[in-house]
There are 2 protein chains.
Amino acid sequence: MSSKIRVGIVGYGNLGRGVHKAIGQNEDMELVAIFTRRDAARMSADTNVNARFESISNIERFRGEIDVMILCGGSATDLPEQTPLVAASFNTVDSFDTHAKIPEFYRAVDEAARKGGNVSVISTGWDPGLFSMNRLLAESILPQGKEYTFWGKGVSQGHSDAIRRVPGVKAGVQYTIPVERAIASVRSGENPELTTREKHERLCYVVAEQGADTAAIEREIKEMPNYFSDYETTVEFITEEKLQAEHSGMPHGGFVLRSGVTGEGTQQLIEFGLKLGSNPEFTASVLVAYARAAARLSQEGASGAKTVFDIPLGHLSPHSAEALRERLL
Amino acid sequence: MSSKIRVGIVGYGNLGRGVHKAIGQNEDMELVAIFTRRDAARMSADTNVNARFESISNIERFRGEIDVMILCGGSATDLPEQTPLVAASFNTVDSFDTHAKIPEFYRAVDEAARKGGNVSVISTGWDPGLFSMNRLLAESILPQGKEYTFWGKGVSQGHSDAIRRVPGVKAGVQYTIPVERAIASVRSGENPELTTREKHERLCYVVAEQGADTAAIEREIKEMPNYFSDYETTVEFITEEKLQAEHSGMPHGGFVLRSGVTGEGTQQLIEFGLKLGSNPEFTASVLVAYARAAARLSQEGASGAKTVFDIPLGHLSPHSAEALRERLL
């Protein structure tokens, strides 16, 4: 490893752009290249982005020149294929978030990374990631207790896509909103049993096609199984201009709470929360901190797949253990 | 190590009693003995406590019979002496919290633990401990940002002691209270510069001696340098009965917030908070989770002093890495 950690980015969508910006905030890191399936020459020519683009097919040529690859593809199709492939040749970090498939993904990546002698940090970001860490931490400290995760207020891509598939809908955005009353009940130590409807509500801003039947659109959204029918759903029709002006950001966030008891029924509450102006930029910042950890673990001789549960927090920081003890403990 | 983690407790004040109760909540642990400087035979005879008491002078006889010693003494005089001594023969965990002396304490414990081939987790609990972890995590993810720690609402022993030293005061309790307005300002992303007075206020419940000059007491408290003069302080005189009935618990808590920016000025907020019905019982629960980590690290062949920054979170849990990935990631 050179004096700076040499980083590659694979994929240049919202997350990849966030990683690019985040690397700029960390003085111990330098971006070597961005790997893309698109036309690398044309992307390099774009003067708005000051970076070297390379075709993903050239990635193997960078062996020995890049300490860690940050994989910014999607969980549905990109990462299940990409992570094992890249982990055979490089240390990697990704944000694989298809929960049910994590064990299977872990095994595939672990095998590839071990063979290659590389470290592969999988499924980091904020959920999975920081939220997972807080679930683990809180349950280990308060074994007698109950855990609650709330998401939002934030844009859900899946639900926004579902709205846009409704006939007569030109554009739309869906916000997941945690129910304040439910959070207050958890914080008060009431240990409520909460139904799906009691935990989150859904707010949809919809731009209708000209002449569309808005009553029918509203009904179809509210009755959509899995996505909306189990929730208190509000549908608000707005203009395309307003949607652009007020709802093109990607805010998100949420809370992990654990309410437990110690001794003879003493109430204890642990709470972790995020309020994110941009979901992809924040996820990117988490990926970059774990890229540092991956490079360091590899330097220490580790290999295989790792999760946020396996990595000491000190490895996320550019500062020495001694400095951290003195300043932050 | 036997199938259960065999634990010893050193010191049986509020914290030691909390650890005793917390061990009872963790099925993978068993209490072997409580070591005390007091009369062990008399303490064993106390039928209210179902445990074996031993004189601290017999501790060496338990080599090989105890996997980890949880040290429950105070930071002022007990731990600086006890931890290096016990760490020479056993894995240990403690809650040393004299911040300025942590580097020196670390070196002494590290040397003793290495010589003995043991693991010694120092300075855990919630601050130092969970709050430290969140400071480190948040600053590693959001390097461009500002960190705020608020304590309370909770009883400060040091400040309560200071009240009780004022002439004419029979008894008293001091609550440290975070200023809501300040927290709201941080949460809103305003990145305020906060003075001492703007962050916390102090609320004192005082029982005056019969015939004491309460105006003089109030003035003396409010003008006390270091403890109260830099704060908005409220002094309320109450009866001894009311003090007993309403203020004999040891609640505490607080918040660690980091407000930062990513990309082109996007606001991001990370918040961790605790609301504790009992400070010593919660600290005890953290110590017990880290006792598990100490035993496991030792089993893996590690030795020396460790802090919360050095220990993977998975080591705090009784569950396997595979089960944690499947259920909590």
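Please read these numbers as outputs of a predicted model, since none were measured by experiment.

Rules and cut-offs
- Residues numbered from 1 in each chain as written.
- Chains lettered and ligands numbered in written order.
- Predicted model: local features only at pLDDT ≥ 70, side-chain atom pairs only at ≥ 80, totals over all residues.
- Heavy atoms only, no water.
- UniProt positions renumbered as here; feature names shortened; annotations may be inferred.
- Helix = DSSP H or I, 4+ residues; strand = E, 2+ residues; numbered from the N terminus.
- Phe/Tyr/Trp six-rings, centres within 6.5 Å; stacked < 30°, edge-to-face > 60°.
- Buried < 20%, exposed > 50% of the residue type's maximum accessible area, 1.4 Å probe, protein only.
- Lys NZ or Arg CZ within 6 Å of the ring centre and 35° of its normal.
- Core = buried A, V, L, I, M, F, W, Y, C linked by side-chain atoms within 4.5 Å.
- Contact = heavy atoms within 4.5 Å.
- Pairing = 2+ DSSP bridges.
- Axes fitted to C-alpha atoms, helices over the stretch in contact; angles between N-to-C directions.
- Buried area = accessible area lost by both parts, 1.4 Å probe.
- Salt bridge = Lys/Arg side-chain N within 4 Å of Asp/Glu carboxyl O.
- Polar contact = N/O pair within 3.5 Å; in protein donor to acceptor, adjacent residues only side chain to side chain.
- Nonpolar A, V, L, I, M, F, W, Y, C, P; charged D, E, K, R; others polar.
- Least-squares fit on C-alpha atoms with pLDDT ≥ 70 in both.

## Notes on the UniProt feature "domain: Meso-diaminopimelate D-dehydrogenase C-terminal" (unreviewed entry) in chain A
Here is step 1 of the chain: The positions UniProt marks with the feature "domain: Meso-diaminopimelate D-dehydrogenase C-terminal" (unreviewed entry) are residues 125-278 of chain A.
Here is step 2 of the chain: Along residues 125-278 of chain A, the helical share is 31% and the strand share 36%, with 13 Å between the first and last C-alpha atoms.

## Digging into the packing of aromatic side chains
The way to describe two aromatic rings as a pair is by their centre distance and the angle between their planes.
Here is step 1 of the chain: Enumeration according to the criterion identifies twelve aromatic pairs over all chains in this entry.
Here is step 2 of the chain: Their ring planes at 85 degrees and their centres at 5.0 Å tell us that Phe35(A) and Phe62(A) sit as a pair that is edge-to-face. Here Phe35(A), found in strand 2 (residues 29-36), pairs with Phe62(A), found in the loop between strand 3 (53-55) and strand 4 (68-71); they are 27 residues apart in sequence, far enough to count as distant. By the burial criterion, Phe35(A) is buried, and Phe62(A) matches it.
Here is step 3 of the chain: Centroid distance Trp126(B) to Phe131(B): 5.2 Å. Interplanar angle 80 degrees. Geometry classified as edge-to-face.
Here is step 4 of the chain: Phe131(B) sits in the buried class, given a relative accessible area of 0%.
Here is step 5 of the chain: Linked through ring pairs, Trp126(A), Phe131(A) and Phe272(A) together constitute an aromatic cluster.
Here is step 6 of the chain: Between Arg187(A) and the ring centre of Phe255(A), over which it is positioned, the NZ or CZ distance is 5.4 Å.
Here is step 7 of the chain: When the ring centre of Phe150(B) is taken as reference, the NZ or CZ atom of Lys199(B) above it lies at 5.2 Å.

## Considering the nonpolar core
Here is step 1 of the chain: Phe282(A), Tyr290(A), Leu130(B), Phe282(B) and Tyr290(B) are the most contacted members of the largest nonpolar core, which has 152 residues in total.
Here is step 2 of the chain: Non-local contacts of Tyr290(B), meaning those with residues more than four positions away in its chain, are made with Val93(B), Val121(B), Thr124(B), Met133(B), Val308(B), Ile311(B) and Leu316(B).

## Side note on the pairing of strand 1 (residues 5-10) of chain B
All names here are of chain B.
Here is step 1 of the chain: Counting buried positions over the six residues of strand 1 gives six, a clear majority of the element.
Here is step 2 of the chain: Across the two faces of strand 1 the burial is the same, with Ile5, Val7 and Ile9 and Arg6, Gly8 and Val10 all buried.
Here is step 3 of the chain: Pairing between strand 1 and strand 2 (residues 29-36): six bridges, direction parallel. Within strand 2, the position partnered with Val7 by the bridge is Leu31.

## Points about the sheet that holds strand 9 (residues 169-178) of chain B
Residue and element names in this part refer to chain B.
Here is step 1 of the chain: Strand order in the open sheet formed by four strands is 8-9-10-11, with mixed pairing between adjacent strands. The open sheet has two edge strands with one neighbour each: strand 8 (154-155) and strand 11 (232-237).
Here is step 2 of the chain: Strand direction decides the pairing type here: strand 8 and strand 9, joined by two bridges, are antiparallel. For Gly154, the partnering residue across the bridge sits in strand 9 and is Thr176.
Here is step 3 of the chain: Across the face of the sheet, helix 6 (residues 157-164) comes into contact with strand 8, strand 9 and strand 10 (200-208) while running at roughly 145 degrees to strand 9.
Here is step 4 of the chain: Helix 9 (residues 214-222) contacts strand 9, strand 10 and strand 11 of the sheet and is inclined by roughly 150 degrees relative to strand 11.

## Remarks on helix 3 (residues 78-87) of chain B
Here is step 1 of the chain: Within helix 3 of chain B, seven of the ten residues are buried, which leaves the element mostly enclosed by the surrounding structure.
Here is step 2 of the chain: Within the sequence span of helix 3 of chain B, burial applies to Asp78(B), Leu79(B), Gln82(B), Thr83(B), Pro84(B), Val86(B) and Ala87(B).

## What to know about the interface of chain A and chain B
Here is step 1 of the chain: Taken together, the contact between chain A and chain B spans 67 residues of the former and 67 residues of the latter.
Here is step 2 of the chain: Across the chain A to chain B interface the summed buried area is about 5900 Å²; carbon plus sulfur atoms make up 60%.
Here is step 3 of the chain: When the area that chain A buries against chain B is broken down by residue, the three leading residues are Gln25(A), Arg325(A) and Leu329(A), summing to 14%.
Here is step 4 of the chain: Scanning the region where chain A abuts chain B turns up four salt bridges.
Here is step 5 of the chain: For Lys21(B), the salt bridge identified is with Glu264(A), shortest N-O distance 3.6 Å.
Here is step 6 of the chain: Linking chain A with chain B are 38 residue pairs in polar contact (both at pLDDT 80 or more).
Here is step 7 of the chain: Elements represented by at least two residues in the side of chain A that touches chain B include exactly helix 4 (102-116), helix 5 (130-141), strand 12 (252-262), strand 13 (266-276), helix 11 (279-299) and helix 12 (321-327) of chain A.
Here is step 8 of the chain: For the side of chain A that touches chain B, the leading source of residues is strand 13 of chain A, giving eleven residues.
Here is step 9 of the chain: Residues belonging to the side of chain A that touches chain B are distributed by class as follows: 29 nonpolar, 22 polar and 16 charged.

## What to know about the relation of the copies chain A and chain B
Here is step 1 of the chain: The operation relating chain A to chain B is a screw motion whose rotation component is 180 degrees, with 0.0 Å of axial translation and a residual RMSD of 0.0 Å. Such a combination of rotation and displacement between the chain copies is what one expects of a two-fold axis.
Here is step 2 of the chain: A share of 100% of the interface residues of chain A reappears at the interface of chain B, consistent with the copies meeting face to face through the same patch.

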